[in-house]
Every structure is written in C-alpha cells, then in structure tokens.
There are 2 protein chains.
Amino acid sequence: MAESMQGLKRTHRCGELSMKNVGETVTVMGWVQKNRNKGGIVFVDLRDRAGLLQIVFEDEEELMAKAAKLRSEFVVAVVGTVVARSGAVNKNMATGEIEVRASELRILSESETPPFPIEENSKTKEELRLKYRFLDLRRPDLQRNLMMRSRVATLTRAFLAEEGFLEIETPTMIKSTPEGARDYLIPSRVNPGTFYALPQSPQLLKQLLMCSGYDRYFQLARCYRDEDLRADRQPEFTQIDMELSFVDVDDVIDVNERLLAKLFKEVLDVEVSLPIPRMTWQEAMDRFGSDKPDTRFGMELKDVTDVVKDCEFVVFKGAIENGGSVRGINAGGQGSMPRKKIDKLVDFAKDFGAKGLAYIAIHEDGTVKSSFGKFMKEEEMTALIEAMDGQNGDLLLFAADKNKVVWDVLGNLRLEIARQLELLDKNEYKFLWVTEFPLMEWSDEQGRYLAMHHPFTMPMDEDIPMLDTDLGKVRAKAYDIVLNGTEIGGGSVRIFNNEIQSKMLELLGFTPEQAEEQFGFLLRAFRYGVPPHAGLAYGLDRLVMLMAKQDSIRDVIAFPKIKDASDLMTEAPAAVDTKQLEELGIEISKPAEEE
Amino acid sequence: MAESMQGLKRTHRCGELSMKNVGETVTVMGWVQKNRNKGGIVFVDLRDRAGLLQIVFEDEEELMAKAAKLRSEFVVAVVGTVVARSGAVNKNMATGEIEVRASELRILSESETPPFPIEENSKTKEELRLKYRFLDLRRPDLQRNLMMRSRVATLTRAFLAEEGFLEIETPTMIKSTPEGARDYLIPSRVNPGTFYALPQSPQLLKQLLMCSGYDRYFQLARCYRDEDLRADRQPEFTQIDMELSFVDVDDVIDVNERLLAKLFKEVLDVEVSLPIPRMTWQEAMDRFGSDKPDTRFGMELKDVTDVVKDCEFVVFKGAIENGGSVRGINAGGQGSMPRKKIDKLVDFAKDFGAKGLAYIAIHEDGTVKSSFGKFMKEEEMTALIEAMDGQNGDLLLFAADKNKVVWDVLGNLRLEIARQLELLDKNEYKFLWVTEFPLMEWSDEQGRYLAMHHPFTMPMDEDIPMLDTDLGKVRAKAYDIVLNGTEIGGGSVRIFNNEIQSKMLELLGFTPEQAEEQFGFLLRAFRYGVPPHAGLAYGLDRLVMLMAKQDSIRDVIAFPKIKDASDLMTEAPAAVDTKQLEELGIEISKPAEEE
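Residues numbered from 1 in each chain as written. Chains lettered and ligands numbered in written order. Predicted model: local features only at pLDDT ≥ 70, side-chain atom pairs only at ≥ 80, totals over all residues. Heavy atoms only, no water.

- By the naming in an unreviewed UniProt entry, chain A is Aspartate--tRNA(Asp/Asn) ligase, taken from Hespellia stercorisuis DSM 15480.
- Heading Sequence similarities (unreviewed entry) of the UniProt record for chain A holds this comment: "Belongs to the class-II aminoacyl-tRNA synthetase family. Type 1 subfamily."
- Check the Subunit (unreviewed entry) section of the UniProt entry for chain A; it says "Homodimer." (UniProt positions renumbered as here; feature names shortened; annotations may be inferred.)

**Thoughts on the domain arrangement of chain A**
- In terms of domain boundaries, chain A breaks down into domain 1 (14-109), domain 2 (129-280 + 531-588), domain 3 (297-424) and domain 4 (437-476 + 497-530).
- Measuring from the centre of the C-alpha atoms in domain 1 of chain A to the corresponding centre in domain 4 of chain A gives 65 Å. (Domains from an automatic or database assignment.)

**Details of the interface of chain B and chain A**
- Between chain B and chain A, the residue contacts involve 129 residues of the former and 128 residues of the latter.
- Buried surface at the junction of chain B and chain A, summed over both partners, amounts to about 11,400 Å²; 56% is from carbon and sulfur atoms.
- Considering only the side of chain B, the residues that lose the most area to chain A are Glu169, Phe246 and Tyr528 of chain B, jointly responsible for 7% of the buried surface there.
- Put simply, chain B and chain A have 20 salt bridges between them.
- Residue Asp226 of chain B is joined to Arg189 of chain A by a salt bridge in which the shortest nitrogen-to-oxygen separation is 3.1 Å.
- At the junction of chain B with chain A, the criterion picks out 69 residue pairs in polar contact (both at pLDDT 80 or more).
- Here the element with the most residues in the side of chain B that touches chain A is helix H4 (residues 140-162) of chain B; it accounts for 10 residues. (Contact = heavy atoms within 4.5 Å. Buried area = accessible area lost by both parts, 1.4 Å probe. Salt bridge = Lys/Arg side-chain N within 4 Å of Asp/Glu carboxyl O. Polar contact = N/O pair within 3.5 Å; in protein donor to acceptor, adjacent residues only side chain to side chain. Helix = DSSP H or I, 4+ residues; strand = E, 2+ residues; numbered from the N terminus.)

**Comments concerning the relation of the copies chain B and chain A**
- Each copy of the sequence occupies a distinct position, and chain B is placed on chain A by a rotation of 180° and an axial shift of 0.0 Å, giving an RMSD of 0.1 Å. Look at the turn and shift together and you get a two-fold axis relating the two.
- Comparing interface residues between copies, 99% of those in chain B also lie at the interface in chain A; the contact surface is shared. (Least-squares fit on C-alpha atoms with pLDDT ≥ 70 in both.)

**Structural notes on the environment of Gln200 of chain B**
Residues and elements named next belong to chain B.
- Relative to the assigned elements, Gln200 resides in the loop between strand E8 (195-197) and helix H5 (203-211).
- Judged by relative accessible area, Gln200 falls into the buried class, the value being 15%.
- Spatially, the C-alpha atoms of Gln200 and Gly180 are 8.3 Å apart, while their sequence positions differ by 20 residues.
- Among the polar contacts made by the side chain of Gln200, one reaches the main-chain carbonyl oxygen of Ala181 at a distance of 2.6 Å. (Buried < 20%, exposed > 50% of the residue type's maximum accessible area, 1.4 Å probe, protein only.)

**Observations regarding the packing of helix H7 (residues 281-288) of chain A against helix H12 (residues 403-420) of chain A**
- Running from amino to carboxyl end, H7 of chain A crosses H12 of chain A at an angle of 65°, the nearest separation of the two axes being 8 Å. Residues Trp281, Gln282, Met285, Asp286 and Phe288 of chain A of H7 of chain A lie in contact with H12 of chain A, whose contacting residues are Trp407, Gly411 and Arg414 of chain A. (Axes fitted to C-alpha atoms, helices over the stretch in contact; angles between N-to-C directions.)

**Focus on the packing of H4 of chain B against helix H6 (residues 249-268) of chain B**
Residue and element names in this part refer to chain B.
- Interhelical geometry of H4 versus H6 gives an angle of 140° and a closest axis separation of 10 Å. Judged on the interaxial angle alone, H6 and H4 are oblique. The handedness of the crossing between H4 and H6 comes out as right-handed. Facing Met148, Arg151, Val152, Leu155, Thr156 and Phe159 of H4, the residues of H6 in contact are Val255, Arg258, Leu259, Lys262, Leu263, Glu266, Val267 and Leu268. (Parallel < 35°, antiparallel > 145°, perpendicular 65-115°, else oblique. Left-handed = near helix turned anticlockwise from the far one by under 90°.)

**Digging into the nonpolar core**
- By size, the foremost hydrophobic cluster in this structure holds 129 residues, and its most contacted members are Leu208, Met242, Phe264 and Phe431 of chain B.
- Ranked by residues supplied to this core, first place goes to H6 of chain B with 11 residues.
- Those residues in contact with Met242 of chain B, other than ones at most four positions away along the chain, are Leu160, Phe165, Lys206, Tyr217, Phe218, Asn256, Leu259, Arg494, Gly535, Leu536 and Tyr538 of chain B.
- Among the nonpolar cores identified, the runner-up in size contains 128 residues, and Ala361, Tyr528, Leu543 and Val544 of chain A belong to it. (Core = buried A, V, L, I, M, F, W, Y, C linked by side-chain atoms within 4.5 Å.)

Now the structure itself:
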C-alpha cells in the first residue's frame, strides 16, 4: 500500500542536482528507472522530467531491504545527502558526478510492469505506445519535445506582447463556411437542425479585430480540418496566428524575422542571419520546382527548352509544342549511378506525373550514356550538356511536360536524390521567404479558379487591372516562410475594401446571395472604415517538429490522433447515448461500422 | 475611393503622444472620432486603441477642404508636427496638452454612418451592438477590457513559466462522458455513428500528464458546456488550468496566492495582502450562509436555535423539530425600515425557498416591533435580541427551516441588503479560500450522492473511514478561491490510487463496466506509478470581469454569444448543406424551427 508524502517537501528535481549541492540534505521524488544490487549496496536511478539521479542505499538494513523491493516505475520520495560519487563518474548522465545517500525512503505509488520499456528512441510499435500514451509520454525524448514546445510558446507570446500584440481569444464554435477544407460540425440543441462549425482558422475574426481597431492581434489558436489524414496531419492543430494593422508586406516580414531569430537563438542557440532571403514564387518554381524550396543544397532546375527546341526527340518536341517546357537537374557526381537505381528514379518521377525521365550519364572518362542520345545530333547533345553545366562524372536528368508537371517532378526528384545522398542536415536551418504567389489557381476538376491562399488576399497593386483580363497572371501580396523545404507559415496582405472583396468572391464563383450569407458580416464590417491590414500564421506543430528534429508532428503533440482521426488511448470518437442525440434532434442514418 | 498608405510608416499610436514629443514630425493613423470646424480651422479627433489625439488643419486650403469632408469612422493617415495646444488644455484627454498640426492627410478607408455612436458606456441596446460587434468593439471601454484580458493572460503565463509550469495543449476533440454538464458533440465522418465531444475541462488529461511526469502543467484552456445559459454563462469559456505533482493543499494555495498578488499588483496596482484568509466550508455556511462569502461586509449569520428552542412560535419550533435550525442576521441601523420594504425582503426570501421571514425591528427609542412577538415570552424576546447583539435602531431577520434552506435564504438576503445599502465597493478586493468542502452532495432529484467537485477529488485522510459509514460527512481536499462573493477558481488534491478511485466511482453509482468504459484509461494509468497531485482552475472570463469592474462576462469576451447560445453577428449556428450531413451519416430528426 502506498505511503503518504505528508511531512516531506521536495527540495529539488532529480536532474537539477550537481557538484554544487554536495553536502546538502535533499528531498527528491520521482519514478524508479532501474534498481540494482551491487555488492550488497542498492543503487536506484530515479527519474523526473529534469533527468536521472543515482540514489544509494547502504548501511541501514531496513532501508536497503525496502529499496531492494523497488521496481521500475514505482513512485518514491527519498531524503538523503548529496555526495560526490564514490564509484566511477557517469559521463552519460547530467548528474553523473554525484549521488544521493538515502536516509529515508517512501513508496508513494507502486507500479505493475509496464507494457513496454520507458526509454529513449523506443522501438515499441507506435500503436501500443499511443494506447498507453500516458506511459509513452514518460520517455525523456518526448518530454524534451513537449518542454521545447512549451518554451517556444512562452517565448513567442512574450516576444509578441513586447511588440504590442494583444492576445485575443476568438470563438471556436462558429458558422460553417463551405470554402476550404471540410468543417467539423457541432449540432445545436437549442436550435435543432442547425450547426456550429469548428474553425479552420480565425481568419475572418482576426480581420474583424483589425476593423475594430485592435491594431495588433495574436493567438495560439486551435484549428480544425476534417480531412483525410496524411502522415503529417492532425484533425486539430495549433497555429501561431497574427494580424497587424497599418502595415504592408515588409512590416510583417520584419517582425516575424525577429521572432524566428529569437526562437532559434533562445531554444536552439542557432543564429538566424537576417534578413532572411526572399524569392518570388516564379523564381522558386523555376529554380527549385517547388513553392517551398529546400535551400540547404543546390541541384537547381535549368530550363533547357530553348536549347532543345529544334531537336528531333519527340518527347521534348511534343512537350514544347503543347506549351510546356524541358528542364533538367544536374545530380553532380552521380554519373556512374547503376542503371537499376536510375530506373527507380524514373519510377519515382512517374509517381509525380511524369511520362518518363530522360537522362544523360557523363562518365568519369568523358563518355556519355543517354536514354535519348540516338534522337539527338552530337552538337545538340554537347549544347545540352553545356547548358546543364555537365562535368565528367555528372548525371543529368530531364523532364518534359506542362510546366506544372515538370516543376513537380524535378522538384521532388531533387529532394529524393538529396535524401539518397544524405545532403539534408537536420542541424542546418535554411529559411526562405517565398513571395508574390499567384492569386488564383485554375482547378481542372472544378472548372474554375480557386483562391491559392484564401479569398481575402490582396492582389498586387500593379496586377489589379488584370483581374478582368488575365486572372491567372494576377499575383497576390502573399508570402510563405519556408524552413528546410517545409512551409512553416504563410500569410498575406488582406483586401480591406468592399468592392475588391465583392469582386474576388464573384471571381471565385460566389453569387451575391452566397457571399452575403457566408461573409455578410465581413462585407458589412468593410463599410465602416477598415485599416489596411496583413497577417501571418505558423503551424506550431510543424515548427516545433523541425526544431526538435522529429519526423512526425505526433512527437510534439501530447495526445495525438492517428490517421483515421481516432484516439487510441481514450477510444474517441465513440458511440453516445441515444438520449444525447434526441436532445440534439439528430439521428444516425448509417449504422456504425462493426469492428 | 481609398488612398494608399504607400510611402508612409506610422511612427506613433495616437494616444502615445505627449508634451515630450513637441517639435517632432509624426505619422499617425486611426479612426475619425469627430470633426469640427471652428473659425475656419478644422479640428479632428483621431482615435486608435491607445487613445484620442487632436489634429489641426489650418493654413493650407486644399488640406483643410479635404479634412472638412472627413466623417466619423473614416480611417486616415496624418503626417504632422506635434505642438503644445494653442487653445485650452483638455484635461479629459490623455493627450490633452498637445495637438498635431497636419501637413498631409490620406483617406485610407471611408465609412458609412455607423448604426450607433462609438462611445463609452454605450446606451445602445445590446442586441444591436452584438449584431455589429465589430463596431461595438471599437468602444474604448471594451478595448480597455480586452487589453486587460490580454495582459492578465500574458502575466499569468509568464509567472507560471517562471514557477516551472509547462504549457501543454490537450486535445479538444475527446470522448464524451455523461458525468457533469451536457457535452457538445461532433459527429465523426470516418466512423459514422460515433462522436467526439468538446471538453468540459481538461481534467482527466491533465491528471494523465502528472502520471506521465510533467510535474507542473498549465494551459489557458477553452472549455465547453451545453447548458441552458444564464446571464453569466457562455457555451465556450476559458480556464486558467493548472496541475502540480508531489504537492498538497498548501503548495497549491501558495503558488496561487502569489499569482493573484502579482496580477492585482501589476494590472490594478492593488496590493493583495498574503496569506489570503482561509475558512472551512462549514464555517462559511455558518457565518455567511454561502460557500462563496462576500467578506467586504459583516452582517453575519447567527445560529439562535438554542435560544429559541423552547419558545412557542410554531415556525421556529417546527423547523427545529424537523432537524433544522433558526438563524438570523442583524441589518444594523435598519430598525426603521418601512413595512413595505420589509415585505419585499420577505418576498425575496421566499424566492430562495423560505416559507417566510421573521423579523424584529428595534426602534431608536428601544421599542420593539416583531412579526412573531405575540408568540414569544418577553424574556425569550430579550434573550433573542441579546443573542443577535441587537441595538436600538437595528433590524433582525430570521429564517427557520432545514439548514440548507436557512443558509441559502439568509446568505442571499445578506447580499440583497448590502446591495440596497450600497455596501459593496467594486474597488475593494476581498479574497478568501474556502476549504474542506463536503466530498459528496445528496441529490433528492436523483436519489443518490453526487460529487460536489468531481469524482477525482481526494477525501481528507482522517475522513476516509467514513466513506463506508457516513458518506455525507466526508470532507474533501478541495478548495475554492473566492473574490468579493464570486468563486473565481477551485480545485482539489486528486485521488491517485486505483482502489480509492474505483471506490469513488462505485459510490457515485458507476458499475465497473461503466467506470471502465468511461474512465478506463485513467484507471489503467493509475496502475503504473502515479505521483500525488493536485490542481486548480480559474474562470478567466469571470476573473477579468471582476478586475475590469464589469457586470457581464460578455464585456470581456471579444465575440460572445447570447443566452440561446447563438452569435448575433455571424448568425451561428446555422443550417448546413445536406451533403455535409450525408458525409457524416446523420439526419435531422426534428425540423428546424421557423423564425
């Protein structure tokens, strides 16, 4: 049976003790990591969130007997004296120079044998760990991640408060808007047949706060999207969300660069050199085939359309005739890549929509092997290699298709080769602003233009006339912040004018009635004096994931859900009482699937 | 048409300028509060969140003409020079000693005439203001409230981080538990027929975080309750939520007293003298008839059961014979209260369940008038007046019933009289800890005991044996923090032992199967080593409401909902597309009510 901690008061966390405390009497409390008997002396490694501490039980027989019975994950309180280690110093332990000689031991809580060991870099299947998340969360690596997340949140808030931002909470039971991803709905009991939605972001509400004169707003806002989950998505996630009045692009970028520099300095001791480079969307696509380029390495795309435009290779010719392009990357030093590996790259390219992948392997001796050599004149080949800056030992890879496909294929191929060559260093942090995004994106599926960011993004001043003539070419005052090839945040200057906003909604296919029904309150607000405003939102989960060098956002979220959006620990979602549904005035139309 | 702010950069907020800035060229931006023409000079009061600033347009005719056209709520940018006021200093304005002589004016956004004036202490009907919340939020008093709220949040977070608390986000799409208030539900699309619930609080999850060794947790957590709304409730509200490991009651109280003292000092410049007084629940009921006593004034309850136990007044006698009590309060100096006013107090008492209210009015000349004098012997009357410390000019009021009714009646009567006598000073802040709450509360309605706080509250060590013998008498290690008669927070030491927790759930009427289904993960967690832990949660909305001296939490929430839980601005909740419901596998069983 558990003992009480009455009369005891913890003086230190385990991991906080050091040589400075030698001679002090301390009271520590924590979990038994392990327990070993060595020459009649009992050694216990005690664990809390600050780290491990070695406790020594010797001399007193009753105490030693009690200590010998401790098992993993028992919770104990220990009173003792800090001493320099008698045995060898443990350099793998922050407290490795000291140990605590126990004079009192209380067992506060016993433990059954856990279903898996509590250890760093656990090899246990994630499903089991998520079912017992409360145990998984004891792992020091997960604890470090969540402590880092807490620190990032604290620093962000302190910085933004210092910069004059107000933290204002916006409601999470709002009106459903069909634009964007799928909403999670909440049936109303008071007005049966009507629903609230959980917000996909506080976008409209933060814009209203600007209308209301709050000047600078921020919130670490919970956001919700009912999407088919990919590895890196959660049904609920957190944004560092901000909005500023009386600003243009540069003002938003300035304050955010300083925020990022502060976070990386204080959390990781990494200097972010400012200003962060900027690149237009067009340049990013042309050079990296991606709107979120990983600039930790080169291997940039080159447009060789002009070089090959007269050649007889039908793949190139056809693409160009269809208004597309031919572009290549130079995988430097990979000229002797075996055919099998090249074939795998071709398959990889096909996954991204390529019909094939043309290549030129330049051997160390200068001889050339190419998948399309026979269709090219020798001088055409030479010109192409020269355009690609091909040296002996290089591998040149080409895609020919519509621009969109070419960018996507080569952009991803570039990353794949970098992964294979281990060019991606998690300790290197390369930031990049991508600016001047297209305002609209044509959807073949829907046969209409969709907003690339959202319907409230301001077109660039000089492009406004093209709204009526060449919509696809209009650029937006939008910007994304990219870190090592991941978009960690994005935002835009907003439309703050009723007429332009109405026009945008019209271009996006809203009838005036639909616009009024869904965004009526915003359009109404725009009638009463609106300041120019702009904002930005970070995906906090993703940002912390990168800072903590993790591969999944599940490793920086305390209680994550799995791909089907269920929680393995609590077994949510679950069936509910019929009475609850009756009160809400809803019925289940499909029977729940049997397991 | 709106002008661009291009080329301009705001240098100050309007309200930030003072005599120190005289001579500087500044650029300010904001909303036109008013505009007047005086002797050919145009004066504009410009408003932003920092305050009002007087702008003067003179000399330049074009500029003056443009300024003369400005109307309320236009958004403008002004470049000008700060000068000491030529006219009278305005002591009602923080910037009243200066004005800005404009050299440039740009109209960034025009405004229609707002549906109501933007002014402090608005007289406009709340419904209209909530419909146009984006305009209502421009009122300086609401802006001060939300700025105070932001500051309270910032200070709270900084303090708790400093104290070693980690901010950890818990999920808001969780499993529904029928215990407590009604849950808001979210249908799952992936598993049709199942539901998530929005959390009523992060209670179980924060306890799991203690199981997982996070030691000190906090979160400004959004919580949800689908209740029939009273004036002071919202469907979603915010808690300052915390939990601590390896602590007992005193540790929680200590850190929270320092938090409160810091908040009141930094936000209101009010010294909270520590330690805050503590009172057991029993004493609070006996002395104040309330578990959240307003201790800004006396008028305490006195138990006179013993004094009147032998009298012939049937009301007193009957109550005592039924196991109840007779108690009174002394409304000092109210002995000459007119009969009509006394009758109103009787009606008030009846609203709280009293069958009547007995009184003794002691006139200034020492004569006595009483509603029950004829049933009492003279010496009984004298003894009663003496017991109540009745002096000439006092009014003594008595209730006789079951204790619960007597407390409730006199506790509320005491407050009502204090309100009438204007004894309640909003500038006085009286804190009080109420401790040792009953663990359980008998529900006549449900015919069983209910948890007074929640099912995870630890009984007091010495009362544990009574769990089996006298459940109603068991006290809990629970504590509420009360400010001026409002409970602003509460918490408890938690059960951290599987057997006691299972027993509690059993006492609350859970079958083992129900306990497993709903709290299985908690009971499972309790098998693997749990630290003693305790916590507390504040209602942030209510705390800020009191600090801002407001009467409604709607005045400290940016976008509040009204009593039927709807949002007058966005018109949520609303009907949704049939397609959305089909995807969720639900149908509406009641037709939506017509408006």
